[in-house]
Amino acid sequence: REVVSIRDPANHAVAVSLEDAVKEAIGTSTYAARVVARREELDKFLEEAVRVLPVFAMHPGTRLGAPVMLHFFEPRYKILIRRAWEGNRLFVFTASMPRPGVEGIIVRVDGARFLPDGRANIYGEGVEVVQLGETWVEEGTGGLFCTRTSASVIANTSAELHARPLRMASRGSSFTSARDGAGGGGSG
């Protein structure tokens, strides 16, 4: 069997021979109906996935348009940056304890360097001011807050991500970036 690497399940190419075998087994009309149903489910899942963002809280926060350079070392923030980097490259940065109504800045992560122990140095930019919506600590994350938002940058960033390939940072390597550049550390 051949190993298949799927970087983006939403846009991964269909294996024609497998598709033909499934059509033969269940019928073309049943196959077509299932494809439509699964596409609708996937679209709903992706829509929800880009509306929920992890939250990084540290005084004094950041500002719209400001460069953001952080060093993530706490376990919860290692989870935050891994999810952001492998997903829509966004998180919310607040200056205070996350709760509904608190103002935050959506940060777009432009580059990340992952260290062997999971710590990460990131750089990005504050791209939109938001108020936190429903906010909760996700179970099993060591205290990582998440929030639901309807920020406009989310839809734009999601479309951009599907239009460009992700370049994963290797452990101990230099920054991996959506654009050329370098970043440094901060606290986190």
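Read on for a plain summary of the structure. In this text, all values refer to a predicted model and were calculated from it rather than measured experimentally.

## Description of the overall build of the protein
Per the secondary structure count, the protein includes four helices and eight strands. Secondary structure elements of the protein, listed N to C terminal, follow the sequence α-α-β-β-α-β-β-β-β-β-α-β. For the protein, the proportion of its 188 residues judged to be buried stands at 35%. Sequence separation of 24 or more characterises 70% of the internal contacts of the protein that already satisfy a separation of 6 or more. Carbon and sulfur atoms make up 54% of the accessible area of the protein, which totals about 10800 Å².

## Some points on the pairing of strand 7 (residues 145-148)
Pairing geometry for strand 1 (residues 52-57) and strand 7, over four bridges, is antiparallel. The residue bridging Leu53 from the neighbouring strand is Thr147, located in strand 7. Looking at chain direction, strand 6 (residues 135-137) and strand 7 are connected through three bridges and run antiparallel. Following the sheet pairing, Thr135 is matched in strand 7 by Thr147.

## A short note on the nonpolar core
Counting 18 residues, the largest nonpolar core has Phe56, Leu70, Phe72, Leu80, Ile81, Phe91 and Ile122 as the members making the most contacts within it. Listing elements by their share of this core, those giving two or more residues are strand 2 (67-72), helix 3 (75-86), strand 3 (90-94), strand 4 (103-114) and strand 5 (120-131). Of the residues forming this core, the biggest block, five residues, is contributed by helix 3. With residues up to four places along the chain from it excluded, the contact list for Phe91 reads Pro54, Phe56, Leu70, Phe72, Leu80, Ile105, Ile106, Val107, Val109 and Ile122.

## A few points about the pairing of strand 1
Relative to strand 3, strand 1 runs parallel, the two sharing three bridges. Note on strand 3: the bridge partner recorded for Ala57 is Thr94.

## Examining the packing of aromatic side chains
The description of an aromatic ring pair uses the distance of the two centres, along with the angle that the planes make with each other. Going through the model one piece at a time under the given rule, you end up with six aromatic pairs. Ring centres of Phe56 and Phe72 lie 5.1 Å apart, and the angle between their planes is 75°; on these two criteria the pair is classed as edge-to-face. Here Phe72 lies in strand 2 and Phe56 lies in strand 1, a separation of 16 residues in the sequence. There is no split in this pair, since Phe56 and Phe72 are both buried. On the numbers, 5.0 Å between centres and 70° between planes, the contact of Phe56 with Phe93 is edge-to-face.

## So, the pattern of salt bridges
Any two side chains of opposite charge can pair if their charged atoms end up close together. Enumeration according to the criterion identifies 10 salt bridges in this entry. A salt bridge links Asp110 to Arg108; the shortest N-O distance between them is 2.7 Å. Among the residues examined, Asp110 registers a relative accessible area of 4% and is labelled buried. On the basis of relative accessibility, which here comes to 24%, the residue Arg108 falls in the partly exposed class. Several salt bridges converge on common partners, so that one network encompasses Arg108, Asp110 and Glu125.

## So, unusual backbone geometry
For the peptide bond that leads from His59 to Pro60, omega is 10°, which places it in the cis range. In this structure, Pro60 sits in the loop between strand 1 and strand 2.

## What about the environment of Asn88?
Examined against the element boundaries, Asn88 turns out to sit in the loop between helix 3 and strand 3. The spatial distance from the C-alpha of Asn88 to the C-alpha of Leu53 is 9.2 Å, given a sequence separation of 35 residues. Engagement of the side chain of Asn88 in a polar contact is seen with the backbone nitrogen of Leu90, the distance being 3.0 Å.

Definitions and limits used
Residues numbered from 1 in each chain as written. Predicted model: local features only at pLDDT ≥ 70, side-chain atom pairs only at ≥ 80, totals over all residues. Heavy atoms only, no water. Helix = DSSP H or I, 4+ residues; strand = E, 2+ residues; numbered from the N terminus. Buried < 20%, exposed > 50% of the residue type's maximum accessible area, 1.4 Å probe, protein only. Contact = heavy atoms within 4.5 Å. Areas by Shrake-Rupley, 256 points an atom, 1.4 Å probe, with all protein chains shown as cover. Pairing = 2+ DSSP bridges. Core = buried A, V, L, I, M, F, W, Y, C linked by side-chain atoms within 4.5 Å. Phe/Tyr/Trp six-rings, centres within 6.5 Å; stacked < 30°, edge-to-face > 60°. Salt bridge = Lys/Arg side-chain N within 4 Å of Asp/Glu carboxyl O. Polar contact = N/O pair within 3.5 Å; in protein donor to acceptor, adjacent residues only side chain to side chain.

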